[in-house]
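These are the residues of each chain, in order.
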Amino acid sequence: ISCALAQLNILSKELADGMVVCASLPMTINMVMVLTKAAEGNEAAALFNAVVGNILGIFLSPTLILLYIGEKGQVSVGEVFYKLALRVILPVGVGQVLQKTTGLYAFQKKHSTLFKKIQQNLLVFIVYTVFCQTFQGENQSDISDVFLMIAFQFVLLTCFMLLAWYVALAWTGPKERVMGLFGCTHKTVAMGIPLINAIYENADTVGLYTLPLLIWHPIQLV
């Protein structure tokens, strides 16, 4: 679909490639867990798929993106994995060590509401800076591309959710079907933005690669 949109000059190449990047990412953990629990789905299956999917995504997502988009000649795969390790794997590892060896976990549990607000505000700030980066420079895209992307991503997400819902009906129980609805279609911003910045940080249009993901994420809530 992204290739067709680019070939027909409906979307710029950067936005079309951004759709591929979005499609290559694993699911988000928090949102899948919250929605699966709220809909009385299989929480254990949701947690397993989210964790395993994100661990595999650290290695699979960059590989898929570079394979589909064909940026091998411009981007060092080793450098991408190195940057991703620093921005994703290292913080998770440090967090696990601190959780097991200090009293910070109990402190976090006691002030979980505050930490949740901080997390949300930081995510909003990241989204804001990415949008600023997208439109501050000179590029071929304008606000009309944003509305086009909203329309395309909304249609794609709706179709994929319907597909996941009815395919899961054929081979799972009702609780697993609920988990499949969310788990098969959600995409993570927490890994997506560091990954995009690791691959395209020197590009003036890095914001355009991020835009499809930033649109997909809130549409999931809708």
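As a reminder, the structure under discussion sits directly above these lines.
Parameters and conventions
Residues numbered from 1 in each chain as written. Predicted model: local features only at pLDDT ≥ 70, side-chain atom pairs only at ≥ 80, totals over all residues. Heavy atoms only, no water. Helix = DSSP H or I, 4+ residues; strand = E, 2+ residues; numbered from the N terminus. Rg over C-alpha atoms; globule rule 2.2 N^0.38 Å. Contact = heavy atoms within 4.5 Å. Areas by Shrake-Rupley, 256 points an atom, 1.4 Å probe, with all protein chains shown as cover. Lys, Arg positive; Asp, Glu negative; His and termini not counted. Charge placed at Lys NZ, Arg CZ, Asp CG, Glu CD. Core = buried A, V, L, I, M, F, W, Y, C linked by side-chain atoms within 4.5 Å. Buried < 20%, exposed > 50% of the residue type's maximum accessible area, 1.4 Å probe, protein only. Salt bridge = Lys/Arg side-chain N within 4 Å of Asp/Glu carboxyl O. Axes fitted to C-alpha atoms, helices over the stretch in contact; angles between N-to-C directions. Left-handed = near helix turned anticlockwise from the far one by under 90°. Nonpolar A, V, L, I, M, F, W, Y, C, P; charged D, E, K, R; others polar. Bend = angle between axes of the 7 residues up to and from the residue. Polar contact = N/O pair within 3.5 Å; in protein donor to acceptor, adjacent residues only side chain to side chain.

Take the overall build of the protein next. If you tally the helices and strands in the protein, you get eleven helices and zero strands. Taken over the C-alpha trace, the protein has a radius of gyration of 18 Å; the compact-globule value for 222 residues is 17 Å, and the two agree within 12%. Taking the principal axes of its C-alpha atoms as reference, the protein extends roughly 50 × 45 × 30 Å. Taking all contacts inside the protein whose residues are at least 6 apart in sequence as the whole, residues at least 24 apart take part in 75%. Summed over its atoms, the accessible surface of the protein is roughly 12900 Å², and 68% of this surface lies on carbon and sulfur atoms. When the 13 positive and 12 negative side-chain charges of the protein are each reduced to one mean point, those points stand 16 Å apart.

With that settled, consider the nonpolar core. Across soluble globular proteins, nonpolar side chains have a tendency to be buried as a group. Formed by 36 residues in total, the largest nonpolar core has its most connected members in Ile 65, Leu 195, Ile 199 and Tyr 200. Of the residues forming this core, the biggest block, nine residues, is contributed by helix H11 (residues 206-221).

Another point: unusual backbone geometry. Of note, Asn 9 is a non-glycine position whose phi angle comes to about 60°, a positive value. In this structure, Asn 9 sits in the loop between helix H1 (2-7) and helix H2 (13-23). Despite not being glycine, Glu 40 shows a phi value in the positive range, around 60°. Secondary-structure assignment places Glu 40 in the loop between helix H3 (29-38) and helix H4 (43-69).

Counting through the fold element by element, Arg 177 comes out in helix H9 (residues 174-183). At 10 Å, Glu 176 is the nearest oppositely charged side chain to Arg 177, a buried residue that forms no salt bridge. Setting aside chain neighbours within four positions, we find Arg 177 in contact with Trp 165, Tyr 166, Ala 168, Leu 169 and Thr 172.

Turning to the packing of H2 against H4, a few remarks are in order. At a minimum axis distance of 10 Å, the contact between H2 and H4 shows a crossing angle of 140°. Crossing handedness for the pair H2 and H4: right-handed. Counting all contacts with H2, which are made through Lys 13, Asp 17, Val 20 and Val 21, the residues of H4 involved are Ile 65, Tyr 68 and Ile 69. Residue classes in the contact of H2 with H4 are distributed as five nonpolar, no polar and two charged.

Right, let's get into H4. Maximum bend of H4: about 50°, positioned at Gly 57. Here H4 has its buried residues at Ala 45, Ala 46, Ala 50, Asn 54, Gly 57, Ile 58, Ser 61, Pro 62, Ile 65, Leu 66 and Ile 69. Packing partners of the buried residues in H4 comprise H2, H3, helix H5 (77-101), H9 and helix H10 (189-200). Capping of H4 at its N-terminal end is provided by Asn 42; its side-chain oxygen lies 3.2 Å from the backbone amide nitrogen of Ala 44. Downstream of H4 by a residue or two, Gly 70 has a phi angle that is positive, lying close to 75°.

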